[in-house]
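Chain and residue survey
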Amino acid sequence: MNVPKDLKFTKTHEWVQLDDDSVIIGITDFAQSQLSDLTYVELPQAGDHIEAEEEVAVLESVKAASDIYAPISGTIVEVNDALDSSPELINTDPYGEGWLLRVTPDNVADLDQLLDADQYEETLPNE
Amino acid sequence: MSEQAAHGWAVTFPDPQPFAPTEALQETLARARYEQRIPDTVLFLQHQSVVTLGRRGRTQHLLVSPDQLHKQGIDFHRAGRGGDVTYHAPGQWIVYPILRLGGLGADAHGYLHNMEEMVIRTCADFDVEAFRVPGKNGAWTEAGKIAAIGFHLKRGITLHGLSFNVDVDLAGFQLIVPCGLAGDPVCSLKQLLGDQTPSLRIVRDRLQHHFESVCGRPLIPRTPANLPV
């Protein structure tokens, strides 16, 4: 299972990447593999404020609809519109083209509360 | 919680229920389950006649307008579950398991498989052969789809679930393209077994029995009035 070392993670299987003064948020390779083929993505809008651990998006796969939670509090500056027509990007490239949101954090220091790659890997079931 | 953790609750509603309040109840129970205030809980109920659309459901799969549905005494709702459009009515068992799966979809594959399995085993109890169809969710017989499955995960807790056609007026399915699958017939135990169709109560008991064995969660009865919500 691919867990990039340079990202931060949540127990609910989101990843966060610091990129200048904003962060990019997506779901992990483990999460996409569990949900299997994604068919539909319901994202919030740019300008929305999100609260850490609150629901921000819903991903639907051939198996189930599943909620996605905000890793940190902040304001959404951009959402990945490409997912509207190509939700499968989350399956094929969860850490790249399958990103979900770009957010300006209320407090960048909040990232320190998140899991690092090793800690996240420990939460995953043994294969 | 230790005593509760060993046994889940089975909550059976005697009368057909309107859709919206049971969706609200599931949200409340899912929150309580997440906060570990209740054990895994399975709702068994029938719905009053209603057409529901899943999140990605498209109104083009409704063959009549919501207004026309209402004129026929059929309610219409958009539901939080996965999947497309379906029809519920008395004579169809609805099973809504509020279960902690652990983690996001930590076993979404397994859970879906288990829901299908409990229906397949229940059908087998009445000598009806049911099976999975690759690439589709639910359970089929030679005469058509007998159970629909659509669920939603919130913080690792399942909501929504399955509907199983026992003795339901199949004409309601003529008003929709079930699950968005054109040309896919829907059937019921009644259609297959005629006079030999078991009572709803017997079918409910078999569904619970197979839920308990397939999901490894024994259930004890709890009346709707006794839910701590």
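Quick caveat, the model's predicted, so the values are computed rather than measured.

**Examining the overall build of chain A**
If you tally the helices and strands in chain A, you get four helices and nine strands. Reading the secondary structure of chain A in the N-to-C direction produces β-β-β-α-β-β-β-β-β-α-α-β-α. With the C-alpha coordinates aligned to their principal axes, the bounding extent of chain A is approximately 35 × 35 × 20 Å. Across chain A, contacts joining residues at least 24 apart in sequence account for 63% of those joining residues at least 6 apart.

**Section: the sheet that holds strand β3 (residues 22-27) of chain A**
Hydrogen bonds between backbone groups are what pair the strands of a sheet, and the pairing can be parallel or antiparallel. Within the open sheet, the six strands sit side by side as β1-β2-β3-β9-β8-β5 (chain A). Their pairing is antiparallel. Lying at the two open borders of the sheet, with one neighbouring strand each, are β1 (8-9) and β5 (49-50) of chain A.

**Thoughts on the sheet that holds strand β5 (residues 85-88) of chain B**
All names here are of chain B. In space, the three strands of this open sheet follow the order β4-β3-β5, with mixed pairing throughout. Edge positions in the sheet fall to β4 (75-78) and β5, since each of these pairs with one other strand and no more. The mean inter-strand angle of the sheet, taken between neighbouring strand axes irrespective of direction, is 20 degrees.

**Notes on the interface of chain B and chain A**
With 17 residues of chain B at the interface, the matching set in chain A holds 16 residues. Elements represented by at least two residues in the side of chain B that touches chain A include exactly α4 (108-125) and β8 (144-154) of chain B. Looking at the side of chain B that touches chain A, the element that brings in the most residues is β8 of chain B, giving four residues. Looking at side-chain class alone, the side of chain B that touches chain A contains six nonpolar, six polar and five charged residues. Two strands pair when backbone bridges link them, and strand β7 (residues 65-69) of chain A and β8 of chain B are joined in this way by two bridges, in the parallel orientation. The residue of β8 of chain B that forms the bridge with Ala65 of chain A is His152 of chain B.

**Quick look at the confidence of the model for chain B**
With 95% of its residues at a pLDDT of 70 or more, chain B shows a mean pLDDT of 90. Among the scores for the predicted complex, ipTM is 0.77 and pTM is 0.87.

**With respect to unusual backbone geometry**
Residues and elements named next belong to chain A. Backbone geometry places His13, a non-glycine residue, at a positive phi of 75 degrees. His13 gets classed as buried once you count the C-beta atoms within 10 Å, which come to 26. Positive phi, close to 75 degrees, is recorded for Glu53, a residue that is not glycine. Mapped onto the elements of the fold, Glu53 is located in the loop between β5 and β6 (55-61).

**What to know about the environment of Thr12 of chain A**
Residues and elements named next belong to chain A. Mapped onto the elements, Thr12 comes out in the loop between β1 and β2 (14-19). You can call Thr12 buried: it has 20 C-beta atoms within 10 Å. For Thr12 and Thr28, which are 16 residues apart along the polypeptide, the C-alpha to C-alpha distance reads 9.4 Å.

**Thoughts on the environment of Glu78 of chain A**
All names here are of chain A. Considering the arrangement of structural elements, one finds Glu78 in strand β8 (residues 74-79). Residue classification places Glu78 among the partly exposed residues on the basis of 13 C-beta atoms within 10 Å. Through-space distance from the C-alpha of Glu78 to that of Gly96 is 15 Å; in sequence the pair is 18 residues apart. In this structure Glu78 touches Ala46 and Arg102, once residues within four positions along its chain are discounted.

**Description of helix α6 (residues 200-215) of chain B**
Residue and element names in this part refer to chain B. For α6, built from 16 residues, the straight-helix expectation of 22 Å at 1.5 Å per residue is met to within 8% by its first-to-last C-alpha distance of 22 Å. Where α6 is buried, its residues touch β1 (8-12), β2 (41-45), β6 (92-98), α4, β9 (157-165) and β10 (219-221). Two residues or fewer past α6, Gly216 is found with a positive phi of approximately 65 degrees.

**Let's talk about the pairing of β2 of chain B**
Within a regular strand, the side chains alternate between the two sheet faces. Residue and element names in this part refer to chain B. With respect to burial, β2 is a largely interior element, five of its five residues being buried. By the alternation rule, side chains of β2 split into Thr41, Leu43 and Leu45 and Val42 and Phe44, which are all buried. Two elements, β1 and β2, share four bridges in a ladder whose sense is parallel. Within β2, the position partnered with Ala10 by the bridge is Val42. Two elements, β2 and β6, share five bridges in a ladder whose sense is antiparallel. Following the sheet pairing, Leu45 is matched in β6 by Ile94.

**A short note on the packing of α4 of chain B against α6 of chain B**
Residues and elements named next belong to chain B. Between α4 and α6, the shortest axis-to-axis distance is 9 Å and the interhelical angle comes to 135 degrees. When the axes of α4 and α6 are compared, the pair comes out oblique. You can see that α4 and α6 cross each other, and the crossing is right-handed. Residues Asn114, Glu117, Met118, Arg121, Thr122 and Asp125 of α4 form the contact with α6, whose participating residues are Val203, Arg206, Leu207, His210, Phe211, Val214 and Cys215. Its residues assigned to classes, the contact of α4 with α6 shows six nonpolar, three polar and four charged.

About the criteria used
Residues numbered from 1 in each chain as written. Chains lettered and ligands numbered in written order. Predicted model: local features only at pLDDT ≥ 70, side-chain atom pairs only at ≥ 80, totals over all residues. Helix = DSSP H or I, 4+ residues; strand = E, 2+ residues; numbered from the N terminus. Contact = placed C-beta atoms within 7 Å. Pairing = 2+ DSSP bridges. Axes fitted to C-alpha atoms, helices over the stretch in contact; angles between N-to-C directions. Nonpolar A, V, L, I, M, F, W, Y, C, P; charged D, E, K, R; others polar. pLDDT = per-residue confidence, 0-100. Buried ≥ 20, exposed ≤ 12 C-beta atoms within 10 Å, placed from the backbone. Expected span 1.5 Å × (residues − 1). Parallel < 35°, antiparallel > 145°, perpendicular 65-115°, else oblique. Left-handed = near helix turned anticlockwise from the far one by under 90°.

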